[in-house]
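Coordinates in review
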Amino acid sequence: MARVAFLGLGVMGSPMAGHLKNKGGHEVTVYNRTGAKAEAWVVQNKGFAATTPREAATGQEFVFACVGNDDDLRQVTLGPNGAFAGMARGSIFVDHTTASADVARELHAAAENLGIGFIDAPVSGGQAGAENGVLTVMCGGDPATYAKADPVIAAYARACRLMGPIGSGQLAKMVNQICIAGLVQGLAEGIHFAKTAGLDVNAVIETISKGAAQSWQMENRYKTMDAGQFEFGFAVDWMRKDLSICLAEARRNGAQLPVAALVDQFYAEVQKMGGARWDTSSLIARLK
Ligand code: NAP
């Protein structure tokens, strides 16, 4: 059992913090910018709530975060009320936000100056993965720090792996998002084509999902795509944030991402259609 803090009780963070308390048996203190969510979490899970990241982080062996983007992460870590100001030498900060590799390197350097360990550890698996404690976690950092964090992360992970030095977890998550972007557009075009050709979409997908076209997106999203239902899942706004991180990194490292860049523009159209909070499978809405 460890003393831990969790910063950011959103769709992902709230169940992850719950697993640390209830499955991992750890002593958990939570912080959320909107205090009511932290109070509700404490009522449900019987941990402790703090009013600033610093207060939550003080005296903890591990501090976890899952907030929105690079700037949100800076806000909960740096400055007089940030987590780093409360953390002791030898403690470890684990960041589950999907953010840039640059901010991971920047915060790792700031943490190192204070004797604090830092692991970038973005997750895949969505809301259901967080609620069921079966997330995939991609980590960057030094092996000794990772080895200490890994058994604690196990409370909500099915798979967790060190990908390389700091920033490597975020780079691996970029690969994940690049793969998904083109795949969802292909699935949207396939369903659109099947309907336009007058085929029975259910019959087609049930058949081809047993062959080489099979994917998680096909199995889990085709019915709602066909029905035009998108009020759930992983928001288009988040996907555009992630793709902008991928495209910026590709400009730097020289990788070619023509399809990801195009799909990013398609998501911009979905945002203009009112779909900023729709699930990423809403790419098909452009084709109707
Ligand atoms: P969310 O439900 O919108 O929650 C975001 C959390 O971050 C909230 O607790 C929010 O506090 C907090 N926050 C945001 N900006 C902050 C700031 N400047 N200072 C302090 N707290 C701040 O988002 P989510 O779906 O849990 O996603 C969190 C991260 O995980 C994102 O990076 C996302 O890309 C990534 N992710 C999400 C999914 C998914 O399926 N949802 C899957 C994989 C990865 P308030 O309550 O006060 O707003």
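Scroll up for the structure.
Below is a short write-up of the structure. (Residues numbered from 1 in each chain as written. Predicted model: local features only at pLDDT ≥ 70, side-chain atom pairs only at ≥ 80, totals over all residues. Heavy atoms only, no water.)

1. Section: the site of the ligand
If you check the shell around the ligand, you find 24 residues, and the closest are Asn32, Thr34, Lys37, Gln75 and Lys241. Take Gly10: an N or O atom from its main chain is 3.3 Å from an oxygen atom of the ligand. Lys241 is positioned such that a nitrogen or oxygen atom in its side chain is 2.8 Å from an oxygen atom of the ligand. Starting from 900 Å² of accessible surface for the ligand in isolation, the protein chains cover 90%. Mapped by element, the contributors of at least two residues to the shell around the ligand are helix 4 (70-77), helix 7 (126-132) and helix 12 (236-253). (Near = heavy atom within 4 Å. Polar contact = N/O pair within 3.5 Å; in protein donor to acceptor, adjacent residues only side chain to side chain. Areas by Shrake-Rupley, 256 points an atom, 1.4 Å probe, with all protein chains shown as cover. Helix = DSSP H or I, 4+ residues; strand = E, 2+ residues; numbered from the N terminus.)

2. Points about the side chain of Ser168
Its location among the elements puts Ser168 in helix 9 (residues 168-196). Among the residues examined, Ser168 registers a relative accessible area of 12% and is labelled buried. Contacts of Ser168, omitting those with residues within four sequence positions, involve Asp120, Cys139, Gly140 and Met163. (Buried < 20%, exposed > 50% of the residue type's maximum accessible area, 1.4 Å probe, protein only. Contact = heavy atoms within 4.5 Å.)

3. A closer look at the nonpolar core
Counting residues in hydrophobic clusters, the biggest one holds 32 residues, and the most contacted among them are Phe6, Leu20, Val30 and Phe64. The set of elements that each furnish at least two residues to this core consists of strand 1 (3-7), helix 1 (13-22), strand 2 (27-31), helix 2 (35-45), strand 4 (62-65), strand 5 (92-95), strand 8 (135-140) and helix 8 (143-153). Counting residues per element, this core draws most heavily on helix 8, at 4 residues. Residue contacts for Leu20: discarding those within four places in its chain leaves Val4, Phe6, Gly25, His26, Val28, Phe64, Val152, Ala155 and Tyr156. (Core = buried A, V, L, I, M, F, W, Y, C linked by side-chain atoms within 4.5 Å.)

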